[in-house]
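Observations on the three-dimensional arrangement
Here is what each chain is made of, one letter per residue.
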Amino acid sequence: MTRTMSVGLGAAIVGAILMLVGVILEPRQALTSYLFAYATVLTIVLGALILVMLSYVSGAAWFTAFSDLALAIVGALPALAVLALPILIGVKKIYPWATIATLPVETRGVVERKEAWLNVPFFVVRALIYLAVWTIVGELVRRRWFDMERARAAESSDLRPRASGLSAGGLIVVGLALTFASFDWLMSLDPAWYSTVYGVYVFAGGFLAMLALVAVMAPRSIGPEQTSAIGKLLLTFSIFWAYIAFSQYLIIWIADVPSEVTWYLSRARGSWGVIAIVVAIGRFVIPFVLLLSRARKRNARALAAIGALLLAMHVLDVYWLVMPALHPAGVQPSWLDAAALLAVTGGAVAGAAWRQGRRPLAHVSTRSGEVAS
Amino acid sequence: MRRESHGPELLAEFGTVDAMLHAIDALGDSYGEIETYTPYDVPDVDGRLGLRPSRIGWIAAFGGLCGMVTAYGIQWWADVHAYPLNVGGRPLHAAPAFLLVTFEGTVLGAALATFIGLLLLLGFPKLWAPVDEVEGFDRAAIDRFWIAIPALANENDRERADALLHEAGALRTVVVGGA
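Attention shifts here to the overall build of chain B. Tallying secondary structure elements over chain B gives five helices and four strands in all. Put simply, chain B runs from its N terminus to its C terminus through helices and strands in the order β-α-β-α-α-α-β-α-β. In terms of C-alpha radius of gyration, chain B reaches 25 Å, well past the compact-globule figure of 16 Å for 179 residues. The C-alpha extent of chain B, read off along each of the three principal axes, is 80 × 30 × 30 Å. Within chain B, the proportion of its 179 residues that are buried is 31%. Within chain B, contacts between residues at least 6 apart in sequence are counted, and of these 80% link residues at least 24 apart. Surface summary for chain B: the accessible area is close to 11,200 Å², and the carbon and sulfur share equals 63%.

Dropping the structure here:
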């Protein structure tokens, strides 16, 4: 057992015990906190899977330096599939649409019309499909990668075309499953509200956070050209996230329809409004200005610091997406938020570290400095 | 970036990038400001010549800022002061709606500043330089690599530079410009 794995497992066990206590004391708070933590980690891991497949489809050579790291993150998917259990068991506690009678009268009619989609058995079946799609594609991509590594070591023919076919198909199903899961698991927290761009928003945030995680964890042996590739992607996806977030806000703000603005009413006022501004500044304004500099994009330590900021902002953003459903009046931090993060992150890290074993996170050819930009 | 040419220059033609880089190293920094002419961007040259990063980034940023302020300002002036219209009770100063045009204005300003700034930095409207008179210099845009150093007044120094260039693998050397 590696050290990373024992640390992750320890955190998961401590978190799980705290969560058990929490479920008994405040079940709704505990399960909603768990959903927040789960969505935070899951979107990062799915971002890594999408990055791996994107690089296979586009034949990106720069990515070789980060492929081991990204595939190690993808290795957390089976563990995350198991960690989804509390959400599936707690559907009735987490989601207002599961108990329509508790909804305010104005929205009850709208939600009743959505019952064909939003009902507990169908929700659970769909969730199992999403989890199966991600886990199977993730495992196939990982296996293909190890085959390619072996072929490369034996200097046999290039296997990239096979990986690109698998990745092209995988991108479509993983993307669809991610979009539908974000509608099901996060958007339906406010069952009367909808936004068609919501799935892209969740993807953009997760992908940016994953790039930030790669920037933080990138081995020190990586050269400035590869570092700069991550820097450029961080800048790109910081802008992309801001673009998607602003599109959604502008369309809802300018239409000003009562059924649509409700979601922003709780999220843009009072202490939730402060969080929204902090996220907008920390996830777009600051990284945008810092990442304009070419020298900074090539500096691994500077990128790691920006990555740490972006990771913190990702946690805060998912918190802002999930928690106003439970505490619409204002931010109400709970010790269970931290416990849930500890449990899910620990479980995912332990799962990924177990799959990784003792393999290094830096690609062999990078260590010998063969790979150019 | 083209420097102002004041006197005669010593030109050397090379068949490969490596030979040219080798020559730059061989010359060191005792021969003034060295200029290179290559068919494509050679990143290694910047460091060896001690070039500072181009100023074009700052010019683009300044242009973008001007475009941003102008675009926002026009909308603010038109919607709040000149032609105030009540659109479904929305505020006259509708910042989210203004941001779209502000973004486009920023891009336009940055693009124009980059285009004009680059032309000016490159020496426009100067359409001719002495090097253009050298037979075969046009191959600097195809497959040859050229170095230009300010030709030295001292006969001995010039000969030594000439010898260094040939030693480094120059196909030929030419003196151009000046009196």
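Additional details are given in the paragraphs that follow.
This part is about empty space enclosed by the protein. Residue and element names in this part refer to chain A. Enumeration according to the criterion identifies four cavities of 30 Å³ or more in this entry. In this structure, the largest cavity encloses a volume near 90 Å³. Lining the largest cavity are Leu-35, Tyr-38, Ala-39, Leu-42, Thr-43, Leu-178, Ala-181, Ser-182, Trp-185, Leu-186 and Val-202.

According to the domain assignment, chain B consists of domain 1 (9–52 + 130–176) and domain 2 (56–122). The centre of domain 1 of chain B, based on its C-alpha atoms, is set 45 Å off from the matching centre of domain 2 of chain B.

Turning our eyes to something else, we now look at the nonpolar core. Core analysis: the biggest nonpolar cluster contains 118 residues, and Tyr-38, Tyr-95, Trp-134, Trp-185 and Leu-234 of chain A have the highest contact counts within it. Beyond its immediate stretch of four places on either side in the chain, Tyr-38 of chain A contacts Leu-80, Ala-81, Leu-83, Ala-84, Ile-87, Leu-131, Trp-185 and Val-344 of chain A. Residues Leu-10, Ala-12, Ala-19 and Ile-147 of chain B belong to the second largest nonpolar core, which totals 22 residues.

With that settled, consider the packing of aromatic side chains. Residues and elements named next belong to chain A. Taken as a whole, this structure holds 28 aromatic pairs over all chains when the rule is applied. Between Tyr-38 and Trp-185 the ring centres are 6.0 Å apart and the planes differ by 50°, which places this aromatic pair in the tilted class. Of the two residues, Tyr-38 is situated in helix H2 (residues 27–58) and Trp-185 in helix H9 (residues 160–186); the sequence distance between them amounts to 147 residues. The pair formed by Tyr-38 and Trp-185 is uniform in burial state, with each residue classed as buried. Geometrically, the ring pair formed by Tyr-201 and Trp-241 is tilted, given 5.9 Å between the ring centres and 50° between the ring planes. Of this pair, Tyr-201 sits in helix H10 (residues 198–217) while Trp-241 sits in helix H11 (residues 224–255), placing them 40 residues apart in sequence. Trp-241 carries the same exposure label as Tyr-201, and that label is buried. Among the aromatic residues, ring-to-ring pairing joins Trp-193, Tyr-198, Tyr-249, Trp-263, Tyr-264 and Trp-320 into one connected group. Taking NZ or CZ as reference, Arg-126 lies 4.4 Å from the ring centre of Phe-122, over its face.

We now examine the sheet that holds strand E3 (residues 145–150) of chain B. Residue and element names in this part refer to chain B. Spatial ordering of the open sheet is given by E2-E3-E1-E4, a layout of four strands whose pairing is antiparallel. Edge strands, defined here as strands with exactly one partner in the open sheet, are strand E2 (35–37) and strand E4 (172–176). With strand direction ignored, the average angle separating the axes of adjacent strands in the sheet is 20°. By the bridge criterion, six bridges tie strand E1 (residues 9–14) to E3 in an arrangement that is antiparallel. By the bridge assignment for E3, Ala-12 is matched with Ile-147. Each of E1, E2 and E3 touches helix H1 (residues 17–27); the most contacted strand, E3, lies at about 20° to it. Strand contacts of helix H5 (residues 155–167): E1, E3 and E4, with the helix running at about 10° to E1, the strand carrying the most contacts.

All names here are of chain A. Following both chains from N to C, one finds H2 and helix H16 (residues 335–356) inclined at 40°, their axes separated by 8 Å at the closest point. Between H2 and H16, the interaxial angle falls into the category oblique. You can see that H2 and H16 cross each other, and the crossing is right-handed. Within the contact between the two elements, H2 uses Gln-29, Ala-30, Ser-33, Tyr-34, Phe-36, Ala-37, Tyr-38 and Val-41 and H16 uses Leu-336, Asp-337, Ala-340, Leu-341, Val-344, Thr-345 and Ala-348.

Moving on: the pattern of salt bridges. For the structure on display, the rule yields nine salt bridges over all chains. In this structure, the salt-bridge partner of Arg-298 of chain A is Glu-225 of chain A, at a minimum N-O distance of 3.3 Å. Taken together, the positions of Arg-298 of chain A in the loop between helix H14 (294–297) and helix H15 (300–322) and Glu-225 of chain A in helix H11 put the pair 73 residues apart, joining distant regions of the chain. On the accessibility criterion, Glu-225 of chain A (36% relative accessible area) is partly exposed. Note that Arg-48 of chain B is salt-bridged to Asp-25 of chain B, the shortest N-O span being 2.5 Å. One end of the pair, Arg-48 of chain B, is in helix H2 (residues 43–49); the other, Asp-25 of chain B, is in helix H1, and 23 residues separate them in sequence.

The subject of this paragraph is the interface of chain A and chain B. At the junction of the two partners, chain A supplies seven residues and chain B supplies seven residues. Interface area for chain A against chain B, summed over the two sides, is near 580 Å², with a carbon-plus-sulfur share of 79%. When the buried surface of chain A facing chain B is broken down by residue, Phe-246, Leu-250 and Trp-253 of chain A rank first, second and third, together holding 71% of it. At the junction of chain A with chain B, the criterion picks out zero salt bridges. Seen at the junction of chain A and chain B, the total is two residue pairs in polar contact (both at pLDDT 80 or more).

We now examine unusual backbone geometry. A cis amide bond links Phe-124 of chain B with the next residue in sequence, Pro-125 of chain B, at an omega value of 10°. Its place among the elements puts Pro-125 of chain B in the loop between helix H4 (95–121) and E3. At Asp-256 of chain A, a residue that is not glycine, the phi angle is positive and equals roughly 55°. Along the polypeptide, Asp-256 of chain A turns up in the loop between H11 and helix H12 (258–267).

Criteria and cut-off values
Residues numbered from 1 in each chain as written. Chains lettered and ligands numbered in written order. Predicted model: local features only at pLDDT ≥ 70, side-chain atom pairs only at ≥ 80, totals over all residues. Heavy atoms only, no water. Helix = DSSP H or I, 4+ residues; strand = E, 2+ residues; numbered from the N terminus. Rg over C-alpha atoms; globule rule 2.2 N^0.38 Å. Buried < 20%, exposed > 50% of the residue type's maximum accessible area, 1.4 Å probe, protein only. Contact = heavy atoms within 4.5 Å. Areas by Shrake-Rupley, 256 points an atom, 1.4 Å probe, with all protein chains shown as cover. 1 Å grid on protein atoms, 1.4 Å probe; cavity = no way out; pocket = protein on both sides within 12 Å on 5 of 7 lines; lining within 4 Å. Points joined across faces, edges and corners; volume = space filled by probe spheres on them. Domains from an automatic or database assignment. Core = buried A, V, L, I, M, F, W, Y, C linked by side-chain atoms within 4.5 Å. Phe/Tyr/Trp six-rings, centres within 6.5 Å; stacked < 30°, edge-to-face > 60°. Lys NZ or Arg CZ within 6 Å of the ring centre and 35° of its normal. Pairing = 2+ DSSP bridges. Axes fitted to C-alpha atoms, helices over the stretch in contact; angles between N-to-C directions. Parallel < 35°, antiparallel > 145°, perpendicular 65-115°, else oblique. Left-handed = near helix turned anticlockwise from the far one by under 90°. Salt bridge = Lys/Arg side-chain N within 4 Å of Asp/Glu carboxyl O. Buried area = accessible area lost by both parts, 1.4 Å probe. Polar contact = N/O pair within 3.5 Å; in protein donor to acceptor, adjacent residues only side chain to side chain.

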